[in-house]
Structure formats: C-alpha cells, structure tokens
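Here are the chains, one letter per residue:
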Amino acid sequence: MKKIFFVVSMLLLSGASVAQRGLNCYPIFQGEVVPAKQMVLTEVRGGGMATYKLDYYRGISFTVDSALAEKVSALVEQDSSAAESCETEKTGGMLTYALIQPKVSGKIRHYLCYQARPADSQWKVTILYLEGPATLEDLHSMFAKQ
C-alpha cells in the first residue's frame, strides 16, 4: 500500500513539474541558475491548500548578488512578456514584483509570483509557482493579508 501511495504521489508531483517546464523560470526551480543548496524550497499539495483555492504551491527563496539577481529577473520578465496577464513593478530598472498568469493551457490556472528586495549588498528573491482555481482577485486578497 505504501508503494502505491508513493508512486501516485510522484506522478502528481511530476505533473506539476511538467507544467513549469513551459516557463523561462523553470531552470531556476531546477537549481540551474542559482545552486539548489542556496535555495529554500517549499512544496505543498493537497487539502491544506484548499483554504487558499490552490491545489499546488511551490516556492523558492534565495539571496544572491546583483548580477545573479538581474539574471533571475530577466527570466521572469521573459515569462511576463508571454503571459495572458501580468502585473510588474520595477525599482531603479530592477524588477522587484511580478504577478504573472501564463497563457491558459486547460482548466487549471497557473501563476508565477516574484518578489525581489535589496538586502544590504545582496538581493532576497522569492518565486512562487501556484496552481488551482484561485483567481487573480483571490491572490491579491491573499497577498494583502500577508
């Protein structure tokens, strides 16, 4: 029984990974831009996310120098230019906020959220990949409470 549960869990998680592959940010989540050992990864799926109208949450955060922060920012901007809807903010030419809804590919809504804040001589970056029935208004409401 445990083996079946494990196999089903891996299949579900791989489905979300496939959805991310179409994004320019995918290499960031894979640890190909920022080394995985520098990132904090949070991944949640299932009933605990229902309160937020989400089925899947994958978040990464890391602190990097300006050059690497600009590289990450450029990948997020590429995703924003190909998005169905997008909200962005820049500070001094650096992307500091983005809420991106990639083009719809089925019934499940996908979102990419990005925030970068200066931290001394470095940048603290957080990127979220979200899936579920939540609307942009739901996300705005959820983020306003944080």
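Starting from 1, residues in each chain are numbered consecutively following that chain's sequence as written. Under the rules for a predicted model, residues below a pLDDT of 70 receive no local features and side-chain atom pairs below 80 are neither given nor counted, while totals for whole chains, interfaces and linings still include all residues. Excluded from the side-chain calculation are hydrogens and water; included are all heavy atoms of the structure.

### What about the overall build of the protein?
(1) Moving on: Counting from the N terminus, the helices are the DSSP runs of H or I reaching at least four residues and the strands are the DSSP runs of E reaching at least two. When its secondary structure is counted, the protein shows four helices and six strands.
(2) Moving on: Going from N to C terminus, the protein has its helices and strands arranged as α-α-β-β-α-β-β-β-β-α.
(3) Moving on: Looking at the protein residue by residue over its 146 residues, the buried ones come to 37%.
(4) Moving on: What makes two residues a contact is simply this: any of their non-hydrogen atoms within 4.5 Å. Contacts in the protein between residues far apart in sequence, at least 24 positions, make up 51% of those at least 6 positions apart.
(5) Moving on: Calculation of accessible area relied on Shrake-Rupley with a 1.4 Å probe; when residues are assessed, cover is drawn exclusively from the protein chains displayed. Element-wise, carbon and sulfur atoms account for 56% of the exposed surface of the protein, whose accessible area totals about 8,500 Å². Partly exposed residues are those whose accessible area sits between 20% and 50% of the maximum for their type, while under 20% is buried and over 50% is exposed, using a 1.4 Å probe and protein chains only.

### Notes on the packing of aromatic side chains
For any two aromatic rings, the description comes down to two numbers: the centre-to-centre distance and the angle of the planes.
(1) Moving on: Here a pair means two rings of Phe, Tyr or Trp (six-membered ring of Trp) with centres within 6.5 Å. Their orientation is stacked below 30 degrees between planes, edge-to-face above 60, and tilted elsewhere. On inspection of all chains with the given rule, the structure shows one aromatic pair.
(2) Moving on: Measuring from ring centre to ring centre gives 6.2 Å for Tyr56 and Tyr129, while their planes differ by 65°; the resulting arrangement is edge-to-face. Of this pair, Tyr56 sits in strand S2 (residues 56–64) while Tyr129 sits in strand S6 (residues 122–132), placing them 73 residues apart in sequence.
(3) Moving on: Owing to a relative accessible area of 0%, Tyr56 belongs among the buried residues under this scheme.
(4) Moving on: The class of Tyr129 is buried, set by a relative accessible area of 1%.

### What to know about the sheet that holds strand S3 (residues 83–91)
(1) Moving on: Each pair of strands is called paired provided DSSP finds at least two bridges between the two strands. Strand order in the open sheet formed by six strands is S1-S2-S6-S5-S4-S3, with antiparallel pairing between adjacent strands. Two strands bound the open sheet, and with one partner strand each, they are strand S1 (40–45) and S3. Direction aside, neighbouring strands of the sheet carry axes that sit 10° apart on average.
(2) Moving on: Strand direction decides the pairing type here: strand S4 (residues 94–102) and strand S5 (residues 109–119), joined by four bridges, are antiparallel. Residue pairing for S5: Ala98 is matched across the bridge by Tyr114.
(3) Moving on: Axes here refer to lines fitted to C-alpha atoms; in helices the fit is confined to the stretch in contact. Angles between the N-to-C directions go from 0 to 180 degrees. The strands touched by helix H3 (residues 66–81) are S2, S3, S4, S5 and S6; relative to S4, the strand with the most contacts, the crossing angle is about 30°.

### Description of the pattern of salt bridges
Two side chains carrying opposite charge are able to pair once their charged atoms lie near each other.
(1) Moving on: Here, a salt bridge means any Lys or Arg side-chain nitrogen found within 4 Å of an Asp or Glu carboxyl oxygen. Scanning the model with the defined rule gives three salt bridges in all.
(2) Moving on: The residue Glu43 makes a salt bridge to Arg58 at a minimum N-O spacing of 3.8 Å. Of the two residues, Glu43 sits in strand S1 while Arg58 sits in strand S2, which places them 15 residues apart along the sequence.
(3) Moving on: For Glu43, a relative accessible area of 36% translates into the label partly exposed.
(4) Moving on: Residue class for Arg58 comes out buried when judged on its relative accessible area of 9%.
(5) Moving on: When the shortest N-O distance is used, the salt bridge between Lys90 and Glu77 registers 3.0 Å. Note that Lys90 is positioned in strand S3 and Glu77 in helix H3, a separation of 13 residues in sequence.
(6) Moving on: Judged by relative accessible area, Glu77 falls into the partly exposed class, the value being 28%.

### Re the side chain of Ser80
(1) Moving on: Tracing the backbone shows Ser80 in helix H3.
(2) Moving on: Judged by relative accessible area, which is 16%, Ser80 ranks as buried.

### Notes on the layout of surface pockets
(1) Moving on: A cavity here means a set of 1 Å grid points, computed over protein atoms only, where a 1.4 Å probe fits but cannot escape. A pocket is an open set with protein on both sides within 12 Å along at least 5 of 7 lines, and lining residues have an atom within 4 Å of a point. Grid points are joined across faces, edges and corners, and a volume is the space filled by probe spheres set on the points. Its boundaries defined by the atoms lining it, the largest pocket holds a volume of some 280 Å³.
(2) Moving on: Lining the largest pocket are 15 residues, and of these Cys113, Gln115, Thr126, Leu128 and Phe143 lie nearest its centre.
(3) Moving on: Lys, Arg, Asp and Glu make up the charged group, whereas Ala, Val, Leu, Ile, Met, Phe, Trp, Tyr, Cys and Pro make up the nonpolar group; the residues left over, Gly among them, are polar. Here the residues of the lining of the largest pocket sort into nine nonpolar, five polar and one charged.

### Here we look at the nonpolar core
(1) Moving on: Put simply, a nonpolar core is a bunch of buried Ala, Val, Leu, Ile, Met, Phe, Trp, Tyr and Cys residues held in one set by side-chain atoms that sit within 4.5 Å of each other. Of all hydrophobic cores here, the largest spans 27 residues; its most connected members are Ile28, Phe62, Val72, Tyr114, Val125 and Ile127.
(2) Moving on: When contributions to this core are tallied by element, the ones reaching two or more residues are helix H2 (26–29), S2, H3, S4, S5 and S6.
(3) Moving on: By size, the runner-up hydrophobic cluster in this structure holds eleven residues, among which are Met49, Leu99, Leu128 and Ala134.

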